[in-house]
Amino acid sequence: MSDSEHFDTLIVGAGFAGSVMAERLAARLGQRVLVVDRRPHIAGNAYDEADEHGVLVHRYGPHIFHTQSAKVVDYLSRFTGWRTYEHRVLAQLEGGLRVPMPINRTTINLLYGLDLRTEEDVVAFLADRAEPVEYVRTSEDAVVSKVGRELYETFFRGYTRKQWQRDPSELHASVCGRLPTRTNTDDRYFTDDFQQMPLAGYTRMFERILDHPRIEVRLSTDLEDVRGEVAYDHLVYTGPIDAFFGYRFGALPYRSLEWELETVETPDRGLVQPCASINFPSENVAHTRITEYRWLTGQTHTASTLAVEYPRTEGDPYYPIPNQETRGLYKRYAALAAELPEVTFVGRLARYQYLNMDQVVGQALATFEGLVDSGAVAEVPVA
Ligand code: FAD
Ligand code: UDP
């Protein structure tokens, strides 16, 4: 094997986890890093590209950036400017009524023809309906204990059964617990202090993260393609952990999605939907949500592209499924991983965690610091 084929670290996956690790190892430690991704592009699930109408679309579904972490914002701001964007969602019910989601005071007033005026009014309304449970374990517990069974059935049960092919009672509380219940009229989907989109898109930001003379990127390249071909001291793996170990304890379950793209002519350069996403909680509708990308990008084109999202069992592994059973299986794989100090597992698939982008960046930064502190990776002496 020639010298040129030796890398300090081989990184599998060019998504947030792999790209942030690559940048840190190269820029902070001077390591020579090879990043491989089996897909023909960088940016992992955050990949975006212009479609034939010039609309920037996210190939793996709408990605909205929001965070409370100043550390993550400081880090990413070295590679991108930002555009303020606050995400809003309406739920379309059977019969066509559209109401704000997450549930807020407006949602309740519209749904029940009420005129609740204060936060106290809503607290009292929900308290009447909430069914307290001793321990909030499942997603059903998480919602029913806050808003009662009727609102749970209207907004959560059908959507969740479609998305996860499981009842909310079979999913960890954190799944539906991602959505708050509001007593005010705030109709933003997120309330994080930082809600901004990368100014020129995610892919451009990743190009800049990976733009370092000591980082080489090979696309359409699987780990197996390079395993025997290149030498490396350390491996950073951001793919599915069960695949890494040849599924020896059985496959971890994931949910997948498929998007149907629809383009609508907009000669006045306006938008088609009243907000970025419309959710469809009814089980009688096959899709879960429709998102209009130009809301996210701020583009003013004469066409608008919408993604209709369909949950799938087969396909790319997008969502780890958090519940007790999968936790047990994951832990068995994590125990194998712990026996391999020369391999670092990081990211949504490698840790089998339902993480947002900012959480993955934070995890990668912390993992890098941990590797440095433990001496597992070291600064490369200047030749
Ligand atoms: P990934 O982006 O999945 O990257 C892993 C990469 O590893 C992939 O590119 C894959 O091709 C590659 N790979 C795997 N195995 C191999 C192998 N053997 N050889 C070579 N390459 C391999 N987060 C938000 O903050 N806001 C959102 O609005 C949001 N929306 C989302 C919507 C959807 C539909 C999905 C699925 C996720 C969403 N997320 C969102 C989460 C976000 O996508 C993830 O947090 C983030 O992309 C995870 O980064 P990662 O690097 O861990 O994984
Ligand atoms: N959810 C729901 N109804 C909705 C929106 C969300 O039941 O209108 C549940 C569903 O189980 C979903 C979870 O809450 O998977 C988390 O929602 P989020 O919008 O955060 O999902 P993601 O954007 O990660 O797909």
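Residues numbered from 1 in each chain as written. Chains lettered and ligands numbered in written order. Predicted model: local features only at pLDDT ≥ 70, side-chain atom pairs only at ≥ 80, totals over all residues. Heavy atoms only, no water.

Undergrad: Go over the environment of Glu260 with me, naming the residues and quoting the values.
TA: You can see Glu260 is positioned in strand β12 (residues 254-265). Not counting the four nearest positions on each side in its chain, Glu260 is found in contact with Leu306, Ala307, Val308 and Tyr310. (Helix = DSSP H or I, 4+ residues; strand = E, 2+ residues; numbered from the N terminus. Contact = heavy atoms within 4.5 Å.)

Undergrad: Give a detailed account of the sheet that holds strand β5 (residues 66-67), specifying residues and quantitative values.
TA: Across a sheet, strands are paired by hydrogen bonds formed along the backbone, either parallel or antiparallel in direction. The sheet built from 3 strands is open, its strands ordered β5-β9-β6 with antiparallel pairing. In the strand order of this sheet, the two ends are held by β5 and β6 (82-84), each with one partner. In this sheet, strand β9 (residues 194-198) lies alongside β6 in antiparallel orientation, the contact comprising 3 bridges. The residue bridging Arg83 from the neighbouring strand is Met197, located in β9. (Pairing = 2+ DSSP bridges.)

Undergrad: Describe the layout of surface pockets, and please don't skip the residues or the numbers.
TA: Counted as a void, the second largest pocket has a volume near 430 Å³. His172, Ser174, Pro322, Asn323 and Gln324 are, among the 16 residues lining the second largest pocket, the residues nearest its centre. Among the elements that take part in the lining of the second largest pocket, helix α12 (residues 324-338) stands out by supplying 3 residues, more than any other. Considered class by class, the residues forming the lining of the second largest pocket number 4 nonpolar, 8 polar and 4 charged. (1 Å grid on protein atoms, 1.4 Å probe; cavity = no way out; pocket = protein on both sides within 12 Å on 5 of 7 lines; lining within 4 Å. Points joined across faces, edges and corners; volume = space filled by probe spheres on them. Nonpolar A, V, L, I, M, F, W, Y, C, P; charged D, E, K, R; others polar.)

Undergrad: Tell me about the site of ligand 2, residues and numbers included.
TA: The environment of ligand 2 is formed by 16 residues, the closest being Thr160, Trp164, Tyr189, Tyr319 and Tyr354. Arg178 has a polar side-chain atom sitting 2.9 Å from an oxygen atom of ligand 2. Between ligand 2 and Tyr354, the relevant distance is 2.5 Å, taken from an oxygen atom to a side-chain nitrogen or oxygen of the residue. When ligand 2 sits alone it has 520 Å² of accessible area, and the protein chains cover 93% of it. Looking at the shell around ligand 2, the elements with two or more residues in it are α6 (149-164) and α7 (173-176). Per element, the largest residue contribution to the shell around ligand 2 is 6 residues, and it comes from α6. In terms of residue class, the shell around ligand 2 is made up of 11 nonpolar, 3 polar and 2 charged. (Near = heavy atom within 4 Å. Polar contact = N/O pair within 3.5 Å; in protein donor to acceptor, adjacent residues only side chain to side chain. Areas by Shrake-Rupley, 256 points an atom, 1.4 Å probe, with all protein chains shown as cover.)

Undergrad: Mind laying out the side chain of Asp8, listing which residues take part and the relevant values?
TA: Inspection of the secondary structure puts Asp8 in strand β1 (residues 6-12). Buried and without a salt bridge, Asp8 has Arg214 as its closest oppositely charged side chain, separated by 4.6 Å. Of the polar contacts made by the side chain of Asp8, one reaches the backbone nitrogen of Arg32; its length is 2.7 Å. In this structure, Asp8 is in contact with Gln31, Arg32, Tyr232, Asp233, His234 and Val380, ignoring residues within four places of it in sequence. (Buried < 20%, exposed > 50% of the residue type's maximum accessible area, 1.4 Å probe, protein only. Lys, Arg positive; Asp, Glu negative; His and termini not counted. Salt bridge = Lys/Arg side-chain N within 4 Å of Asp/Glu carboxyl O.)

Undergrad: Explain the sheet that holds strand β13 (residues 277-279) residue by residue, including any values.
TA: Within the open sheet, the 7 strands sit side by side as β8-β7-β13-β14-β15-β12-β16. Their pairing is mixed. Two strands bound the open sheet, and with one partner strand each, they are β8 (98-101) and β16 (319-320). Taken together, the 4 bridges between strand β7 (residues 89-92) and β8 define a ladder with antiparallel strand orientation. Within β8, the residue paired with Ala91 across the bridge is Val99.

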